[in-house]
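A structural walkthrough
Spelled out from the first residue to the last, the chains are:
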Amino acid sequence: IVNQEYDLLIHLPGNYEQQKDKTYPVLYLLDAQWDFPLVTGLYGSQYYDGFIPGLIIVGITWGGKDPNPGQLRFRDFTPAAQDRPPGTGNAGNFLSFIKKELIPFIDSKFRTKKDDRVLVGSSLGGLFTLYAMYTETALFNRYILTSPALQWGNGIILEYEKTYAAKKFPLKAKLYMAHGELENPGPFERFADQLKKKKLRRA
């Protein structure tokens, strides 16, 4: 769909091979070239202490010859094109890749709970996570994002939010958002307030 090779980093629960009849939720992680060690490290400590269940973690990054994640993430994570950098606005195709190619591939290779998925992204990945939530809401049960690039495309994600809210559909997913204390909190907090006012309830 995207005409791009992707590399997948897979982390399986410690008891995956022993419990042959058990299925697991899947967490799909964007920007795995940076965030996979962090997320799997956090997961490991929480899992072995019994705070979270076993998960299959699928980290997504770019493959092929000499990929440049810094450029490619602008292409794949943005829902609207801008003049700079060139080649942006490919979020629709990237989401189609996840839905039609990646998820079926993972489901065919591993013992997954096909109705229990999580999408995680940060910055531009956080923007894409919101885009996915508003355009393919039922594809994931949970959306986790930090420091979303809300300013992209003159705040186009706000238009997606308004369109979704106007349809008065319940949000059939759980959303968790966060930002760093040293960041400018203004855009994030305004967006969070907008979500609270709409009072979209999980069905």
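Residues numbered from 1 in each chain as written. Predicted model: local features only at pLDDT ≥ 70, side-chain atom pairs only at ≥ 80, totals over all residues. Heavy atoms only, no water.

1. Things to note about the overall build of the protein chain
Along the backbone of the protein chain there are six helices and six strands. Order of helices (α) and strands (β) in the protein chain, N terminus to C terminus: β-β-α-β-α-α-β-α-β-α-β-α. Radius of gyration (C-alpha) of the protein chain: 17 Å, near the 17 Å computed for a compact globule of 203 residues. Principal-axis analysis of the C-alpha atoms places the extent of the protein chain at approximately 50 × 45 × 35 Å. (Helix = DSSP H or I, 4+ residues; strand = E, 2+ residues; numbered from the N terminus. Rg over C-alpha atoms; globule rule 2.2 N^0.38 Å.)

2. Some remarks on the side chain of Gln194
Along the chain, the position of Gln194 falls in helix 6 (residues 186-198). A distance of 2.4 Å separates polar atoms of two side chains, one belonging to Gln194 and the other to Glu161. Dropping the residues within four chain positions of it, Gln194 is found in contact with Leu158, Glu161 and Lys162. (Polar contact = N/O pair within 3.5 Å; in protein donor to acceptor, adjacent residues only side chain to side chain. Contact = heavy atoms within 4.5 Å.)

3. Considerations on the layout of surface pockets
Space inside the largest pocket adds up to approximately 590 Å³. Leu27, Val39, Leu55, Val120 and Ile144 are, among the 22 residues lining the largest pocket, the residues nearest its centre. For the lining of the largest pocket, the elements supplying multiple residues, two or more each, are strand 2 (24-29), helix 1 (32-48), strand 4 (112-122) and strand 5 (142-146). At six residues, helix 1 tops the list of elements feeding residues into the lining of the largest pocket. Split into classes, the residues belonging to the lining of the largest pocket amount to 15 nonpolar, four polar and three charged. (1 Å grid on protein atoms, 1.4 Å probe; cavity = no way out; pocket = protein on both sides within 12 Å on 5 of 7 lines; lining within 4 Å. Points joined across faces, edges and corners; volume = space filled by probe spheres on them. Nonpolar A, V, L, I, M, F, W, Y, C, P; charged D, E, K, R; others polar.)

4. A look at the sheet that holds strand 2
With mixed pairing, the six strands of this open sheet are ordered in space as 1-3-2-4-5-6. Each edge of the sheet is formed by a strand with only one pairing partner; in this case those strands are strand 1 (6-11) and strand 6 (174-178). Each strand axis lies, on average, 20 degrees off the axis of its neighbour in the sheet, ignoring direction. Where strand 2 and strand 3 (residues 56-62) come together, four bridges link them in parallel fashion. Within the sheet, the bridge partner assigned to Tyr28 lies in strand 3 and is Val58. Sheet strands in contact with helix 1 are strand 1, strand 2 and strand 3, and its direction is about 165 degrees off that of strand 3. The sheet strands contacting helix 2 (residues 69-77) are strand 1, strand 3 and strand 4, and the helix crosses strand 3 at an angle near 105 degrees. (Pairing = 2+ DSSP bridges. Axes fitted to C-alpha atoms, helices over the stretch in contact; angles between N-to-C directions.)

5. Details of the side chain of Arg111
With respect to the helices, strands and loops of the structure, Arg111 is situated in the loop between helix 3 (91-109) and strand 4. In this structure Arg111 is buried but unpaired, with Glu17 as the nearest side chain of opposite charge at 5.7 Å. Within the structure, Arg111 has its side chain in polar contact with the backbone oxygen of Tyr16 (distance 2.6 Å). Within polar-contact distance, the side chain of Arg111 engages the backbone oxygen of Gln19 at 2.6 Å. Apart from residues lying up to four places away in sequence, Arg111 is in contact with Tyr16, Gln19, Lys20, Asp21, Lys22, Thr23, Tyr24 and Ile56. (Buried < 20%, exposed > 50% of the residue type's maximum accessible area, 1.4 Å probe, protein only. Lys, Arg positive; Asp, Glu negative; His and termini not counted. Salt bridge = Lys/Arg side-chain N within 4 Å of Asp/Glu carboxyl O.)

6. Observations regarding unusual backbone geometry
Most peptide bonds take the trans configuration, and most residues that are not glycine carry a negative phi. A cis amide bond links Arg84 with the next residue in sequence, Pro85, at an omega value of -10 degrees. As for its placement among the helices and strands, Pro85 is situated in the loop between helix 2 and helix 3. Within the chain, Asp66 stands out as a residue other than glycine whose phi angle is a positive 50 degrees. The residue Asp66 is located in the loop between strand 3 and helix 2 in this model. Unusually for a residue other than glycine, Asn154 sits at a positive phi of about 55 degrees. Looking at the secondary structure, you find Asn154 in helix 5 (residues 152-166).

7. A closer look at the pattern of salt bridges
Per the stated rule, a full pass over the model turns up seven salt bridges. We note a salt bridge from Glu136 to Lys99, for which the minimum N-O separation is 3.2 Å. In this pair, Glu136 is assigned in the loop between helix 4 (124-135) and strand 5 and Lys99 in helix 3, connecting sequence segments 37 residues apart. Judged by its relative accessible area of 35%, Lys99 is partly exposed.

8. A few points about the environment of Arg84
Within the fold, Arg84 resides in the loop between helix 2 and helix 3. A sequence separation of 10 residues divides Arg84 from Phe74, and the C-alpha atoms of the two residues are 9.5 Å apart.

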